[in-house]
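# Structural features, examined
Read off the chains here:
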Amino acid sequence: MSPVSEEALRRAFELLSEEIRRCTLCPLAASRTHAVVYRGSLRPRLVFVGEAPGRAEDLAGQPFVGRSGRLLDRAIDQLGSGLGAYGVLNVLKCRPPENRFDPHAARTCRPYLDRQLGLLRPSALVPLGTKALAALEPGAPAILEVAGRPRRFADRWGFPLIHPAAALRSTRLHRRWDQDVQALGSWLRRGALETL
Ligand code: SF4
């Protein structure tokens, strides 16, 4: 694929983002405050993929801005320069009522994720939690079995982590989150993204 100019990429991504913000393809459009599209670089080396917006994200129109987002941002700070340019998005763009992940809506919404990744072209993905992992790899094992290690998806490498919200719910899972973020840092420092 020929390289896309910065301006063409910015315009294509903004058009797609506007399409998502106006989307009414599934019932979640009726209850959302904002569709939540993306934050980060338009040339990311790595993209963190969450499940769906929560209340704070729905109100702000930005992914991972609540308590979970603060934990994710601390992890991103820890990863430092080894991480480089990155992005953050969700599989589902609109908040499901009661924060119950809606698989039917996720199927309807899925083409937006594929189109975003098609434009952003990251080298690797970090699915956060079971639902995000299952969206990238249908039939994948439970997240606790695979988090903290590199894993091959259909078209690129990934490094699953548990969802930061789970890490905030228990000391044991917080320890697991810290360990797995360190493992991700080691993977990046070994130059993993340069060889993909
Ligand atoms: S969740 Fe996705 S498919 Fe449903 S209204 Fe929002 S953007 Fe559209």
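I will try to describe carefully the structure that is included in this document. (Residues numbered from 1 in each chain as written. Predicted model: local features only at pLDDT ≥ 70, side-chain atom pairs only at ≥ 80, totals over all residues. Heavy atoms only, no water.)

### Side note on the overall build of the chain
When helices and strands are counted, the chain shows 9 helices and 6 strands. For 196 residues, the compact-globule formula gives about 16 Å, and the C-alpha radius of gyration of the chain, at 16 Å, lands near that figure. Counting the 196 residues in the chain, one finds 48% classified as buried. When contacts within the chain are restricted to residue pairs at least 6 apart in sequence, long-range pairs at least 24 apart make up 72% of them. Carbon and sulfur atoms provide 51% of the accessible area of the chain, an area that totals close to 9900 Å². Placing the 30 positive and 19 negative side-chain charges of the chain at their respective mean positions leaves the two points 3 Å apart. (Helix = DSSP H or I, 4+ residues; strand = E, 2+ residues; numbered from the N terminus. Rg over C-alpha atoms; globule rule 2.2 N^0.38 Å. Buried < 20%, exposed > 50% of the residue type's maximum accessible area, 1.4 Å probe, protein only. Contact = heavy atoms within 4.5 Å. Areas by Shrake-Rupley, 256 points an atom, 1.4 Å probe, with all protein chains shown as cover. Lys, Arg positive; Asp, Glu negative; His and termini not counted. Charge placed at Lys NZ, Arg CZ, Asp CG, Glu CD.)

### Topic: the sheet that holds strand 5 (residues 151-152)
Read from one edge of the open sheet, 6 strands run 1-3-2-4-6-5, paired in mixed fashion. One side of each edge strand has no neighbouring strand; the edge strands of this open sheet are strand 1 (39-40) and strand 5. (Pairing = 2+ DSSP bridges.)

### Points about the site of the ligand
The environment of the ligand is made up of Cys23, Leu25, Cys26, Ala29, Arg32, Leu92, Lys93, Cys94, Cys109 and Tyr112. Mapping the ligand onto the cavity grids shows that it belongs to the largest cavity. Tallied by class, residues from the shell around the ligand come to 8 nonpolar, no polar and 2 charged. (Near = heavy atom within 4 Å. 1 Å grid on protein atoms, 1.4 Å probe; cavity = no way out; pocket = protein on both sides within 12 Å on 5 of 7 lines; lining within 4 Å. Sits in = over half its atoms within 2 Å of the grid points. Nonpolar A, V, L, I, M, F, W, Y, C, P; charged D, E, K, R; others polar.)

### A word on the pattern of salt bridges
Taken as a whole and assessed by the stated rule, the structure comprises 11 salt bridges. Note that Arg21 is salt-bridged to Glu14, the shortest N-O span being 3.1 Å. Judged by relative accessible area, which is 37%, Glu14 ranks as partly exposed. In this structure, Arg151 engages Glu137 in a salt bridge whose closest nitrogen and oxygen atoms are separated by 2.7 Å. Within this pair, whereas Arg151 is found in strand 5, its partner Glu137 is found in the loop between helix 6 (130-136) and helix 7 (143-146), the two being separated by 14 residues in sequence. (Salt bridge = Lys/Arg side-chain N within 4 Å of Asp/Glu carboxyl O.)

### Thoughts on the layout of surface pockets
The volume enclosed by the largest pocket comes to roughly 600 Å³. Lining the largest pocket are 27 residues, with Glu51, Ser68, His163, Ala165 and Arg169 sitting closest to its centre. When the residues that make up the lining of the largest pocket are grouped by side-chain class, the tally is 13 nonpolar, 8 polar and 6 charged. (Points joined across faces, edges and corners; volume = space filled by probe spheres on them.)

### Focus on the nonpolar core
Core analysis: the largest hydrophobic core is formed by 57 residues, its most contacted members being Phe48, Trp177 and Leu184. For Leu184, the contacting residues outside a window of four places in its chain are Phe48, Leu79, Val126, Phe159 and Leu161. (Core = buried A, V, L, I, M, F, W, Y, C linked by side-chain atoms within 4.5 Å.)

### Quick look at the environment of Glu6
For Glu6, the position within the fold is in helix 1 (residues 6-21). Note: C-alpha distance between Glu6 and Leu83 (77 residues apart in sequence) is 21 Å. Only 3.5 Å separates the side chain of Glu6 from the side chain of Arg43, close enough to count as a polar contact. (Polar contact = N/O pair within 3.5 Å; in protein donor to acceptor, adjacent residues only side chain to side chain.)

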